[in-house]
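Tertiary structure, described
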Amino acid sequence: MIYIKVSLKPHWGFLINYSGFTKSRPALRVIPPTTLIGALAYGLFRNQGETSGEYSKAEVIRPIFRGVHLRVNVPLIEYSDLSRVFSYKVRDKRIITDAVAVGKLYTIPLSNIEVVYLIDENKADEIIGNNWHEKLISASWSICRIGARESIVSAEEVTLSEAEVIRDRVVKTSFYFPFRAAKDGEVKGTYVIYNVVDWTEAPIGDYTTSPRIPLVFPYDMERFKSVEVEVRLNDRVNAVRVGKDIVIPWR
């Protein structure tokens, strides 16, 4: 198993909203794996001269991942801006405007967020081709946004190396992981649980009917900082060492 670790510096924050709302657009407090897959797919296919249909392109490479993990080393501060939005009433054939609260996650661009992609080598070779290493490294350096086009980031460091499976049943990690990996829900430390789309089961694109699962996000919301949690793994999961860090795969 190969991993790619990408260090990204946000310029101001993130515009990533819950789907399924009408006027209200609250901000997601965590960047979901589907968004991180989309960010890498955007860079990959843009480098190949394909810039349209990025959601479907993200779906193309979804099978190559064994895990997608995030560590947030910046403060995340939720704030809603009053914004003017336009919509078109088909029946009346006219454009209307309204003022709505659009949620954003603001941050201080003093540090970074780190993303770890666990790669299935056979799938990557099958889907991307035998030079997939070079293409994914180039795509990682090409990540320019996380989510909406306003959420600008800069890639500061990219590492591709071999991951090491470890057999310990109790591990510590500061990267998010699926709650189902914890035996009897045993997670110690400070963390938040969010329900996110299960990208291992659902296609990337329309999430209105996609299954959602709990995600453990090791982050202290009071101190606005990343923390480490201790996890007892169930019998179906082995943790993986990626450099000096440990992540818990999704599959």
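Residues numbered from 1 in each chain as written. Predicted model: local features only at pLDDT ≥ 70, side-chain atom pairs only at ≥ 80, totals over all residues. Heavy atoms only, no water.

1. Some details on the pairing of strand β9 (residues 170-173)
Consecutive side chains along a regular strand alternate between the two faces of the sheet. The condition that has to hold: Accessible area is worked out with a 1.4 Å probe on protein chains only. A residue is then buried under 20% of its type maximum, exposed over 50%, and partly exposed in between. Secondary structure elements follow DSSP: runs of H or I of four or more residues count as helices, runs of E of two or more count as strands, with numbering from the N terminus. DSSP calls a pair of strands paired once it identifies at least 2 bridges connecting them.
Of the two faces of β9, the one holding V171 and T173 is buried and the one holding V170 and K172 is not buried anywhere. Two elements, β9 and strand β16 (residues 229-233), share four bridges in a ladder whose sense is antiparallel. Across the sheet, the residue bridging to V171 is V231, located in β16.

2. Overview of the nonpolar core
The criterion, for reference: To qualify as a nonpolar core, a set must consist of buried Ala, Val, Leu, Ile, Met, Phe, Trp, Tyr and Cys residues joined through side-chain atoms within 4.5 Å. Any pair of residues with heavy atoms lying within 4.5 Å of one another is described as a contacting pair.
Membership of the largest hydrophobic core comes to 53 residues, with the highest contact counts inside it found for F65, Y117 and I146. In terms of residue count, helix α1 (residues 33-47) provides more of this core than any other element does, seven residues in total. When sequence neighbours within four positions are dropped, the list of residues in contact with F65 reads I37, L40, Y117, L118, I119, W199 and R251.

3. Some points on the pattern of salt bridges
Filter applied, for reference: For salt bridges, the criterion is a side-chain nitrogen of Lys or Arg within 4 Å of an Asp or Glu carboxyl oxygen.
What the rule picks out here adds up to 11 salt bridges. With its nearest N and O atoms 3.1 Å apart, the salt bridge here joins R29 to E78. In this pair, R29 is assigned in the loop between β2 (13-14) and α1 and E78 in strand β4 (residues 77-89), connecting sequence segments 49 residues apart. A relative accessible area of 21% places R29 in the partly exposed class. The exposure class of E78 is partly exposed, given its relative accessible area of 34%. Notably, a salt bridge pairs R71 with E114, separated by 2.9 Å at the nearest N-O pair. Here the residue R71 occupies a position in strand β3 (residues 65-72), and E114 occupies one in strand β6 (residues 113-119), the gap between them amounting to 43 residues. The buried category is assigned to R71, whose relative accessible area is 12%. In this structure E114 comes out as buried when scored by relative accessible area, which is 13%.

4. Some words on the sheet that holds β4
With respect to topology, three strands assemble into an open sheet ordered β2-β5-β4, the strand pairing being antiparallel. Edge strands, defined here as strands with exactly one partner in the open sheet, are β2 and β4. Inspection of the sheet shows β4 paired to strand β5 (residues 94-106) by 13 bridges, in the antiparallel sense. The residue of β5 that forms the bridge with D81 is V102.

5. A word on the packing of aromatic side chains
Here is the rule we go by: Only centres within 6.5 Å qualify two rings of Phe, Tyr or Trp (six-membered ring in Trp) as a pair; their planes then separate them into stacked at under 30 degrees, edge-to-face at over 60, and tilted for everything else.
If you walk through the whole model with that rule in mind, you get seven aromatic pairs. Geometrically, the ring pair formed by F65 and Y117 is tilted, given 5.6 Å between the ring centres and 40 degrees between the ring planes. With F65 in strand β3 and Y117 in strand β6, this pair connects stretches of sequence that are 52 residues apart. Take F65: its relative accessible area is 1%, and that puts it in the buried class.

6. Observations regarding the sheet that holds strand β10 (residues 177-178)
The strand order across the open sheet formed by three strands is β10-β13-β12, and the pairing between neighbours is antiparallel. Each edge of the open sheet is held by one strand with a lone partner, namely β10 and β12 (192-197). Where β12 lies against strand β13 (residues 212-217), six bridges are found, and the strand directions are antiparallel. The residue of β13 that forms the bridge with V192 is F217.

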